[in-house]
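Residue-level listing of the chains:
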Amino acid sequence: MGTFELLLQGLSVALDPVILLYAVIGVVLGTAVGVLPGIGPALTVALLLPVTYGLDPAGSLIMFAGIYYGAMYGGSTTSILLNTPGESASIVTALEGNKMARAGRGGPALATAAIGSFVAGLLATLALAFLAPHVVKLALVFGPREYFALMVLAFVTVSAAFGDSALKGLTSLFVGLALALVGIDGLTGQARLSFGVPQLLDGIEVTTLAVAMFAVGEALFVAAQGLRVDKVHEIKGSVRMTGQDWSRSWRAWLRGTAIGFPIGAMPAGGADIASFLSYGAEKRFSRYPQEFGHGAIEGVAGPEAANNAAAAGTLVPLLTLGLPTTATAAIMLAGFQQFGLQPGPLLFATSPQLVWGLIASLLIANVMLLVLNLPLIRLWVKLLSIPRPWLYAGILLFATLGTIGVNPSPVELGMLMIFGIMGYLMRLHGYPIAPVVVGLILGPMAEQQLRRALSIAQGDWTTLISTPVAAGILLLAAIAFVVPLVLRLRGKGKILAQIAGEED
Amino acid sequence: MNQVSGETGRRPVGAAFIVAAGLAALGALLIWQGSIIPDKGGYAGIGSGGMPKFVGWGLVALAIGHIVTGLRHSAQPHDQQMLVPVLLIITGLALQLFLLKPLGFSVASGLLFACTAAAFGKRNLVLTLLIGIGFAFVVYGLFDQLLRLNLPAGLLENLIFGG
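Residues numbered from 1 in each chain as written. Chains lettered and ligands numbered in written order. Predicted model: local features only at pLDDT ≥ 70, side-chain atom pairs only at ≥ 80, totals over all residues.

Looking at this structure, I do not really get the overall build of chain B. What am I missing?
In terms of helices and strands, chain B carries six helices and zero strands. Taken from N to C terminus, the helices and strands of chain B fall in the order α-α-α-α-α-α. Among the 163 residues that make up chain B, the fraction classed as buried is 37%. Considering only intrachain contacts with a sequence separation of at least 6, the fraction spanning at least 24 residues in chain B is 53%. (Helix = DSSP H or I, 4+ residues; strand = E, 2+ residues; numbered from the N terminus. Buried ≥ 20, exposed ≤ 12 C-beta atoms within 10 Å, placed from the backbone. Contact = placed C-beta atoms within 7 Å.)

Explanation requested: the overall build of chain A in the structure shown.
Tallying secondary structure elements over chain A gives 22 helices and two strands in all. In summary, chain A has a C-alpha radius of gyration of 22 Å against a globular reference of 23 Å for 504 residues, a match within 12%. Along the first, second and third principal axes, the C-alpha set of chain A runs to 70 × 55 × 50 Å. Across the 504 residues that make up chain A, the buried fraction comes to 62%. Sequence separation of 24 or more characterises 81% of the internal contacts of chain A that already satisfy a separation of 6 or more. (Rg over C-alpha atoms; globule rule 2.2 N^0.38 Å.)

Is there a simple way to think about the nonpolar core in this case?
Most often, soluble globular proteins keep nonpolar side chains buried together rather than apart. Counting 228 residues, the largest nonpolar core has Leu-209, Ala-210 and Val-437 of chain A as its most contacted members. Excluding residues that lie within four positions of it along the chain, Leu-209 of chain A makes contacts with Leu-179, Ile-204, Phe-419, Val-436, Val-437 and Leu-440 of chain A. (Core = buried A, V, L, I, M, F, W, Y, C linked by C-beta atoms within 7 Å.)

Honestly, the interface of chain A and chain B in this entry has me stumped. Any pointers?
How big an interface is tends to be stated in terms of the accessible area lost upon association of its parts. Taken together, the contact pairs 53 residues of chain A with 60 residues of chain B. Among the secondary structure elements, those contributing two or more residues to the side of chain A that touches chain B are α3 (41–51), α8 (166–180), α10 (206–224), α18 (388–406), α19 (410–428) and α20 (434–456) of chain A. At 11 residues, the largest contribution of residues to the side of chain A that touches chain B is made by α18 of chain A. Within the side of chain A that touches chain B, the residues separate by chemical class into 35 nonpolar, 13 polar and five charged. (Nonpolar A, V, L, I, M, F, W, Y, C, P; charged D, E, K, R; others polar.)

Looking at this model, I keep getting lost on helix α5 (residues 125–146) of chain B. Mind explaining?
An α-helix turns once per 3.6 residues; consequently, residues spaced three or four apart project the same way. Given a rise of 1.5 Å per residue, 22 residues ought to cover 32 Å, and the 30 Å separating the end C-alpha atoms of α5 of chain B matches this to within 8%. Looking at the buried side of α5 of chain B, the elements it contacts are α3 and α18 of chain A together with α4 (105–119) and α6 (155–161) of chain B. A positive backbone phi angle near 60 degrees is found at Arg-148 of chain B, which sits one or two residues after α5 of chain B. (Expected span 1.5 Å × (residues − 1).)

What is the right way to look at the packing of α18 of chain A against α4 of chain B in this model?
Helix-helix packing: each pair is described by the crossing angle between the helix axes and the interaxial distance. Interhelical geometry of α18 of chain A versus α4 of chain B gives an angle of 145 degrees and a closest axis separation of 8 Å. For the pair α18 of chain A and α4 of chain B, the sense of crossing is right-handed. Along its contact with α18 of chain A, which presents Pro-389, Trp-390, Tyr-392, Ala-393, Leu-396, Leu-397, Thr-400 and Ile-404 of chain A, the element α4 of chain B presents Phe-105, Ser-109, Leu-112, Phe-113, Thr-116 and Ala-117 of chain B. (Axes fitted to C-alpha atoms, helices over the stretch in contact; angles between N-to-C directions. Left-handed = near helix turned anticlockwise from the far one by under 90°.)

Is there a simple way to explain the environment of Pro-17 of chain A in this structure?
Examined against the element boundaries, Pro-17 of chain A turns out to sit in helix α2 (residues 17–35). Between the alpha carbons of Pro-17 of chain A and Gly-295 of chain A there is a distance of 42 Å; along the sequence they are 278 residues apart.

Even after reading the chapter, I still don't get the environment of Pro-50 of chain A, so can you show me in this structure?
With respect to the helices, strands and loops of the structure, Pro-50 of chain A is situated in helix α3. Taking the C-alpha atoms as reference, Pro-50 of chain A lies 6.5 Å from Gly-405 of chain A; in sequence the two are 355 residues apart. Apart from residues lying up to four places away in sequence, Pro-50 of chain A is in contact with Thr-207, Gly-402, Gly-405 and Val-406 of chain A together with Leu-149 of chain B.

Even after reading the chapter, I still don't get unusual backbone geometry, so can you show me in this structure?
Backbone phi values are negative for most residues with the exception of glycine, while trans is the configuration of most peptide bonds. Residue and element names in this part refer to chain A. In this model, Leu-193 sits at a positive phi of 50 degrees, which is unusual for a non-glycine residue. For Leu-193, a count of 20 C-beta atoms within 10 Å corresponds to the buried category. Phi is positive for Gln-458, which is not a glycine, with a value near 55 degrees. Assignment of secondary structure puts Gln-458 in the loop between α20 and α21 (468–489).

Can you walk me through the packing of helix α11 (residues 243–265) of chain A against helix α13 (residues 298–321) of chain A in this structure?
Residues and elements named next belong to chain A. As a packed pair, α11 and α13 sit with axes 6 Å apart at the nearest point and diverge in direction by 30 degrees. Regarding the angle of α11 to α13, the classification is roughly parallel. Remark: the crossing between α11 and α13 carries right-handed chirality. Split into classes, the residues belonging to the contact of α11 with α13 amount to 17 nonpolar, 10 polar and four charged. (Parallel < 35°, antiparallel > 145°, perpendicular 65-115°, else oblique.)

Is there a simple way to explain the confidence of the model for chain B in this structure?
When pLDDT drops low, the exact placement of atoms in the prediction is not to be read closely. Residues and elements named next belong to chain B. On average, residues of chain B score 83 in pLDDT, and 87% of them reach the 70 mark or higher. By mean pLDDT, the top-scoring element of chain B is α4 (93), and the lowest-scoring one is α6 (82). Below pLDDT 50 for its whole length, residues 1–12 participates in 30 contacts with residues either more than four positions away or in separate chains. Across the whole predicted complex the pTM is 0.87, and at the interface the ipTM reaches 0.87. (pLDDT = per-residue confidence, 0-100.)

The following block contains the structure:
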């Protein structure tokens with residue numbers, strides 16, 4: 001069966017009223033958390049995991065994907081109107097978008113962000129649909145050593161390649177890997193690092209860690225900065241774009257998509273990196289380079305398209321290989337596992353309804369998001385006027401609710417508190433958070449693949465580079481590790497520091 | 001990094017050494033734990049203890065890296081941190097942790113809510129506590145009664161929903 005028929009089948013799943021409802025909840029929540037500074041998609045999915053335990057798997061996963069997409073849309077609103085990115089992939093949007101808002105052109109900036117997100121989301125989701133079956137075929141020839149190599153590549157890109165210091169990124173990653181070792185070894189059943197505490201035998205929950213680091217850590221950090229007031233720029237006039245806006249935007253949208261999708265699809269970092277690269281490209285290609293820094297519309301259109309395309313791209317390795325490359329994807333993987341589903345080539349064979357329903361839902365979610373974000377934009381802006389005491393008190397209440405719902409033990413809540421404080425200290429000293437989460441979830445997977453590969457080769461370590469694919473991926477990982485190191489030594493680290501990945 | 005590095009950032013250069021000490025301690029713990037596991041490597045040659053030892057040595061290497069950079073550079077100073085709000089939130093989390101079982105979800109979470117609101121400048125505790133308990137109670141009703149999440153009930157919850 002061709003991709004097209006499968007997609008049509010998926011659409012029939014996605015158009016089921018109950019599934020549509022899940023998608024609506026997902027995109028509305030996603031837009032809301034995207035708009036609100038301080039909470040992002042990774043945290044929201046983590047908070048919802050325990051709640052969806054008893055619900056329909058397909059619906060829940062569609063809701064999670066809707067949150068991811070929605071957050072990419074909503075983040076731009078905060079960046080443009082508040083100059084504080086609503087989520088990390090919208091940091092660059094703030095550069096030009098907020099300048100436009102100050103000049104009274106906030107409306108067109110929001111419009112080009114929303115329409116650009118729509119165009120990119122649609123194209124990238126279609127690319128996902130047509131690319132995924134091919135990657136699945138490729139994945140079938142992958143053995144443990146290829147998977148191990150891919151995970152090493154993901155480790156390097158998420159921790160060492162970007163950000164202001166490879167040392168700090170690697171430190172975060174290794175702390176995540178260390179935490180991942182707590183509990184029962186999946187291959188031999190040996191208890192490790194549990195120190196006789198029975199609750200530790202289950203290992204450290206990804207959701208507890210993610211909620212603690214992202215929600216509690218962020219709340220502590222924001223509280224520690226003291227009271228500040230950010231100024232919201234009103235949307236003046238119409239959100240309609242002029243003819244010139246259109247003609248300047250559409251190329252940027254397409255370029256952003258072309259940059260974002262491959263970045264997301266390869267284990268090369270998430271949406272934030274894509275949006276930075278797109279911004280750089282727009283600056284270079286623009287016919288109005290002098291406007292950059294003063295509110296160039298391309299500087300909003302390109303990155304916003306790129307971050308949505310990258311979000312769709314991230315789903316390629318997640319669905320086809322079971323390989324999460326961002327914190328949000330890592331938590332979505334935990335979501336799949338909660339329902340007893342293991343993403344990977346097999347999922348396309350065993351649950352085609354679910355996979356294609358999910359992909360088709362994303363197409364529908366994009367249409368919903370365009371409606372939510374253009375005509376209803378003024379409603380979302382109201383969210384920004386929630387006073388911060390109530391906002392963060394509510395966030396912390398929901399953060400603990402998730403943990404209490406899964407396991408109301410003092411040990412679990414104690415871990416939430418300790419990891420929260422750790423998250424605060426890491427933020428304070430500039431250590432990235434995402435590598436900890438990715439290390440926690442990918443660590444055990446990488447260990448198992450490594451030990452399997454070595455078992456097959458009877459302990460011969462050269463097996464890891466004995467196929468061209470595995471050797472090539474490991475070489476790529478080495479390049480991704482060494483090149484930024486050299487760049488930093490030669491004093492070009494500033495660019496890399498800007499591309500720091502925070503959350504997705 | 002490690003929770004032992006609870007310094008306030010008055011001496012930014014010192015931070016790298018504290019982090020290094022924490023990393024080295026964690027690394028040593030992993031190496032020790034990895035080496036007391038009876039390692040039946042089997043066909044692979046590495047067993048359950050291999051990974052803890054590898055991660056442990058990695059952490060030790062990172063600790064050395066921190067010492068080297070700590071000696072060579074002075075870390076960038078960060079903004080002055082307000083300690084009171086941070087302690088307020090941590091107090092709220094601790095109160096919730098200890099009072100969850102005896103007082104139930106709504107009251108314990110209401111306390112967390114009030115403490116957090118206080119950390120962000122709303123110091124009228126009577127008001128925020130009432131709002132917090134009310135809000136937490138609505139959340140309890142929604143998630144425990146409707147979505148069947150199992151939240152600890154206290155006197156208040158049992159009184160209204162009848163246990």
